[in-house]
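A look at the structure
The residues making up each chain are set out below.
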Amino acid sequence: MDLETGFYQKRAKKESWRTVLTLAYQSLGVVYGDLSTSPLYVYRNTFADDIEHSRTNEEIYGVLSCVFWTLTLVPLFKYVFIVLKADDNGEGGTFALYSLLCRHARVNSLPSCQMADEELYEYKKDRISPEPKSNFASKLKSSLERHRVLQRFLLLLALIGTCMVIGDGVLTPAISVFSAVSGVELSVAQEHHKYIEVPVACIILIGLFALQHYGTHRVGFLFAPIVVLWLLCISTIGLYNIVHWNPHVYRALSPYYIYKFLRKTQRGGWMSLGGILLCITGSEAMFADLGHFSQLSIKIAFTSLVYPSLILAYMGQAAYLSRHHVIDSDYQIGFYVSVPEKLRWPVLVIAILAAVVGSQAIITGTFSIIKQCSALGCFPMVKIVHTSSRIHGQIYIPEINWILMVLCLAVTIGFQDTKGMGHASGLAVITVMLVTTCLMSLVIVLCWHKSVFLAVCFVLFFGAVEALYFSASLIKFLEGAWVPIALAFISLIIMCVWHYGTLKKYEFDVQNKVSLQWLLSMGPSLGIVRVPGIGLVHTELITGIPATFSHFVTNLPAFHQVLVFVCIKSVPVPHVRPDERFLLGHIGPREYRLYRCIVRYGYRDVHKDDMEFEKDLVCSIAEFIRSIHSNGANPDLGKEGDRLTVVGTRCTHKDGIQMSDNDADKVESVDTRSPPVIQQRKKVRFILPDSPKIDRVAQEELRELVQAREAGIAYILGHSYMRAKRGSSMIKKFVINYGYEFLRRNSRAATYTLSVPHASTLEVGMVYHV
């Protein structure tokens, strides 16, 4: 199945209630795995150091009230009712908000932007009005567009949120699995359990990361039932504890108990907020995974099952602890102590399975956000494996997977306790939420065109709550909170260095591109022999002739009869429709047989393999030739700004030219040192539509294209080495000569998305002095 076609067919269908409920059920296993396992460690981390559970129960009631209102304000009010509406054509996450702002305020950091990109369907469909209504919004928009410092700050803000998500991809599996395994403390002797928890947790984590290459869809059918079983389990146990131990615990839901709690505990209560914060870990997944489901399905799943189950679970733990002030073992306050003894082993197994599901969701989410960063030029190129031919968006990145595994094991072995892991995880989670709050306030003004008052109220209310939790987490810097900061700092340095180097490389290409007049002066043969075949010259330029081409021409005596300058670029939308995939145009007069092809992908689009890409490209060029001649357009251009025509993939112009590969005569190749080999050549022909008529010039151009396709396709790739210019600052020399070059040597080539066959590749080396 074509992933592109299938995705857009799926989006085109109107959602029925059956579809919505099915998606809501499936979202339980993908979106809510992390959030649903938070009862395993919230109370344990909250009562670890700063506060103690007394016989007055003011502490446990105050913590329960804090948990209830935190779950109500952040996941329910903020995400379900507000943030989910800020989707980027159905996609969510930090980069979705940044993408919305890029389109509405022209603050895009991608250097290869074109006016034609603003005509994309997903680029403009959410733009209700071209300009903000209020004066303040207009001034804010113009300020963002004028000042590069503000644009860089906005990008930096989005990158910080992204880096914290990557850090959460390390910390969440560690704390979830370790907390689930910690239940053996109540069943194994004190001197033995510490030798069981860490090895078992590490074995589970190794197995989890080792299975990533199979893809989520292989075991995905198990995820939702596991989470449903876990939610029913904790809600039932919670309800039992409420009825059996303290039916009046519901009174603690009053915010008055928060006041009593903070008044009694003061500084200790404030510092304990870092543990309470863990009750909302995984809330960001509701927004980040929006592209796989729908707003309504995620809202139904959360409000109907997840939210009430979590509230019952926390109330049940509080009810049990309110009647058990002295526990007969060294086990700290936690989840398993409130589970009836006969159910502890079955609950332990279910908890481990639920922790694995929650970890799986954050790992795949980390893969997705790294793919988005890479597509937008903010992360080195990595190998991306699509693990499902049917399900859009399921990917696996080998290098990132093993790095995450090593870091996750290091955190587990280093801390060996949920306390330090909780401090680290809490800071990562709340930082992402603060970034989302800041970006959302801009979206409210610039994208939704609402009043500034609403944006200020949003950022002040939710920002104040999250800033309080952020301060409580940051104070635990030496006790574990330094881990996400260190991970985010390293990730941020990598992203900034790569983005800076990418911009400098593009600027060098623009400054050193060859003029069209130079090309025209060479004549139709380009001053050399034109050999059969199609040459695909990869370039990052959207206009002009790349310097690598002139370098190639001056060093080789022959070139292909058809040359296509291919630019594969990302645009700030999640998906580009197949009928808008290609921008095609002539370079110079048509007898030169030189074409420019700009291939546009969204940051969540699937890149096709080489065979599919070649067929789409050649067929689209043929359709371009037919369309410009049938429309009476003049393709001859003698100036630098060549006009480009939007052409879709093969599946989008079924009434146009189609390509057919037929087996031709078998050619026998004889070698005296080996048995004869029968080689098959494929004849390529275009199936032309009945009308309109194609003129003689177009027929000749199509004939040459067919002959060139039969002769084969060669890829001409630039292989650049960057060096800072003499006289550059020490920082620039270090960043370019060492930082960027180290990342470039240890990452995939920029053309890996073409899946270029090595046998058909020619590389042109150049040194860039930037």
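Here the structure is a predicted model, which means the values were calculated and not measured.

**Some words on the overall build of the protein**
- A count of helical and extended segments in the protein gives 25 helices and 11 strands.
- Burial analysis of the protein (770 residues in total) assigns 58% to the buried set.
- Expressed as a percentage of contacts within the protein between residues at least 6 apart in sequence, the contacts between residues at least 24 apart total 83%.
- Surface summary for the protein: the accessible area is close to 32500 Å², and the carbon and sulfur share equals 60%.

**A word on the packing of aromatic side chains**
- This structure, assessed with the given rule, holds 17 aromatic pairs.
- Look at Tyr-43 and Tyr-314: their rings are 5.9 Å apart centre to centre, the planes differ by 80°, and that puts the pair in the edge-to-face class. Pair noted here: Tyr-43 is in helix H4 (residues 42-46) and Tyr-314 is in helix H15 (residues 295-321), with a separation of 271 residues, a long-range link. Both residues of the pair, Tyr-43 and Tyr-314, belong to the buried class.
- A network of ring pairs unites the aromatic residues Tyr-61, Tyr-256, Tyr-257 and Tyr-259 as a single cluster.

**Focus: helix H16 (residues 344-375)**
- In this model H16 runs 46 Å from its N-terminal to its C-terminal C-alpha over 32 residues, within 8% of the 46 Å that 1.5 Å per residue would give.
- Summarising burial for H16: 25 of the 32 residues are buried, a large majority.

**Comments concerning empty space enclosed by the protein**
- With the rule as written, the count across this model stands at six cavities of 30 Å³ or more.
- In this structure, the largest cavity encloses a volume near 390 Å³.
- Secondary-structure elements contributing two or more residues to the lining of the largest cavity are helix H9 (148-181), helix H14 (284-288), H16 and helix H18 (418-446).
- Of all the elements, H16 adds the most residues to the lining of the largest cavity, at seven residues.
- Among the residues forming the lining of the largest cavity, the class breakdown is 13 nonpolar, 11 polar and five charged.

**Comments concerning the environment of His-147**
- Inspection of the secondary structure puts His-147 in the loop between helix H8 (135-146) and H9.
- The exposure class of His-147 is partly exposed, given its relative accessible area of 38%.
- Put simply, His-147 and Val-107 are 40 residues apart on the chain and 9.4 Å apart in space, counted from C-alpha to C-alpha.

**Overview of the packing of helix H2 (residues 17-30) against H15**
- Closest axis-to-axis distance for the H2/H15 pair is 8 Å, and the angle between their directions is 60°. One finds that H2 runs oblique with respect to H15. Every pair of crossing elements has a handedness; the one defined by H2 and H15 is right-handed. Contact with H2, carried on its side by Trp-17, Val-20, Leu-21, Leu-23, Ala-24, Ser-27 and Leu-28, involves Leu-296, Ser-297, Ile-300, Ala-301, Leu-305 and Val-306 of H15 and no other residues of that element.

**Looking at helix H5 (residues 58-80)**
- Relative to the 33 Å expected for 23 residues at 1.5 Å per residue, H5 spans 31 Å between its end C-alpha atoms, a close match to the ideal helical length.
- Buried residues dominate H5, accounting for 20 of its 23 residues.

**Some words on the confidence of the model for the protein**
- Summarising the model, the protein shows a mean pLDDT of 80, and 81% of its residues fall at 70 or more.
- When pLDDT is averaged over each helix and strand of the protein, the minimum, 45, is found for helix H1 (residues 3-12) and the maximum, 94, for H5.
- The low-confidence segment residues 1-14, where pLDDT is below 50, has 29 contacts with residues more than four positions distant or belonging to other chains.

What counts and how
- Residues numbered from 1 in each chain as written.
- Predicted model: local features only at pLDDT ≥ 70, side-chain atom pairs only at ≥ 80, totals over all residues.
- Heavy atoms only, no water.
- Helix = DSSP H or I, 4+ residues; strand = E, 2+ residues; numbered from the N terminus.
- Buried < 20%, exposed > 50% of the residue type's maximum accessible area, 1.4 Å probe, protein only.
- Contact = heavy atoms within 4.5 Å.
- Areas by Shrake-Rupley, 256 points an atom, 1.4 Å probe, with all protein chains shown as cover.
- Phe/Tyr/Trp six-rings, centres within 6.5 Å; stacked < 30°, edge-to-face > 60°.
- Expected span 1.5 Å × (residues − 1).
- 1 Å grid on protein atoms, 1.4 Å probe; cavity = no way out; pocket = protein on both sides within 12 Å on 5 of 7 lines; lining within 4 Å.
- Points joined across faces, edges and corners; volume = space filled by probe spheres on them.
- Nonpolar A, V, L, I, M, F, W, Y, C, P; charged D, E, K, R; others polar.
- Axes fitted to C-alpha atoms, helices over the stretch in contact; angles between N-to-C directions.
- Parallel < 35°, antiparallel > 145°, perpendicular 65-115°, else oblique.
- Left-handed = near helix turned anticlockwise from the far one by under 90°.
- pLDDT = per-residue confidence, 0-100.

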